[in-house]
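# Structural characterization, general
The chain contents come next:
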Amino acid sequence: MKAVLGEIASPALDLNHALGQCARGDRAALRAIYDIEAPRMLGVAMRLLRRRALAEEAVHDTFLQVWRKADSFDPARGDARSWLYAILRNRALNILRGETRTDLVEDFEPMGLASDEENAETVMMRLSDTGSLKRCLERLEPSRRQAITLAYIHGLSHGELAGRLGVPLGTIKSWIRRSLLALRECMA
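Below you will find a few notes about this structure.

The rules we used
- Residues numbered from 1 in each chain as written.
- Predicted model: local features only at pLDDT ≥ 70, side-chain atom pairs only at ≥ 80, totals over all residues.
- Heavy atoms only, no water.
- Helix = DSSP H or I, 4+ residues; strand = E, 2+ residues; numbered from the N terminus.
- Buried < 20%, exposed > 50% of the residue type's maximum accessible area, 1.4 Å probe, protein only.
- Contact = heavy atoms within 4.5 Å.
- Areas by Shrake-Rupley, 256 points an atom, 1.4 Å probe, with all protein chains shown as cover.
- Salt bridge = Lys/Arg side-chain N within 4 Å of Asp/Glu carboxyl O.
- Expected span 1.5 Å × (residues − 1).
- Arc of directions from axis to C-beta.

## Thoughts on the overall build of the chain
Summing up its helical and strand segments, the chain has ten helices and zero strands in all. Listing the helices and strands of the chain from first to last along the sequence gives α-α-α-α-α-α-α-α-α-α. Across the 188 residues in the chain, those meeting the buried criterion constitute 36%. Considering only contacts in the chain between residues 6 or more positions apart, those separated by 24 or more positions represent 60%. Working note: accessible area of the chain is about 11400 Å², and carbon and sulfur atoms make up 52% of it.

## Points about the side chain of Thr-149
Here Thr-149 lies in helix 8 (residues 142–152). The class for Thr-149 is buried, based on a relative accessible area of 4%.

## Topic: the pattern of salt bridges
Applying the stated criterion across every chain, the model contains eight salt bridges. Residues Asp-35 and Arg-31 are paired through a salt bridge, measuring 3.2 Å at the closest nitrogen-oxygen approach. Of the two residues, Asp-35 and Arg-31 are both situated in helix 3 (residues 27–49); the distance of four residues between them amounts to about one turn of the helix. What makes Asp-35 partly exposed here is its relative accessible area of 29%. Residue Glu-37 is joined to Arg-40 by a salt bridge in which the shortest nitrogen-to-oxygen separation is 3.2 Å. Note that Glu-37 and Arg-40 are positioned in helix 3 at a spacing of three residues, about one turn of the helix. Taking relative accessible area as the criterion, Arg-40 reaches 46% and is therefore assigned partly exposed. When salt bridges that share partners are traced, they join Glu-37, Arg-40 and Arg-81 into one network.

## Considerations on helix 10 (residues 169–187)
With 19 residues, helix 10 extends 27 Å between its outermost C-alpha atoms, agreeing within 8% with the 27 Å of an ideal straight helix rising 1.5 Å per residue. All of the buried residues along helix 10 are Ile-172, Trp-175, Ile-176, Ser-179, Leu-183 and Cys-186. The arc enclosing the buried residues of helix 10, seen along the axis, measures out at 105 degrees, which places them on a common side. Exposed and oriented more than 90 degrees from the buried face of helix 10 are Arg-177, Arg-184 and Glu-185. If you follow the buried residues of helix 10, they end up packed against helix 7 (132–139), helix 8 and helix 9 (158–165).

Set out below in structure tokens:
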């Protein structure tokens, strides 16, 4: 199949032909599309999802969808590559939406998702006693300080913070915003 794809000059035509072959059940055509597009698709998915495992899942799901729906591709309606990346984008957005909902469960820690990393208070204690950041962080309420530390040192998303701290997502967003404003004012 690679030889057939290599004979066609335009990458769009390569993909158009390969998608037509997929629609007829040609697994080699799907493999050729995968070989051509998967690395770029993984990069796009990484930018959208920011986690390799989720990006790989999105690319995998995209190729499953391509295999199942290749017959719905119409070259008269658009470019094959655009069709592929639209499927990827929609899958990545669905993963993001679904992940937010699953992060907001009540029993976040018992699910085995607790981190072995240092907790927020341990990180706080390691800051220099004379440092202005430590002084400003100490002025925040403990729950807000913990949210800021988990977000900026451990890289947790708002949804992950809400699940871990057992607080509604909107509250977490407000805490982060107000805490950052307070830190900015204190550090000035």
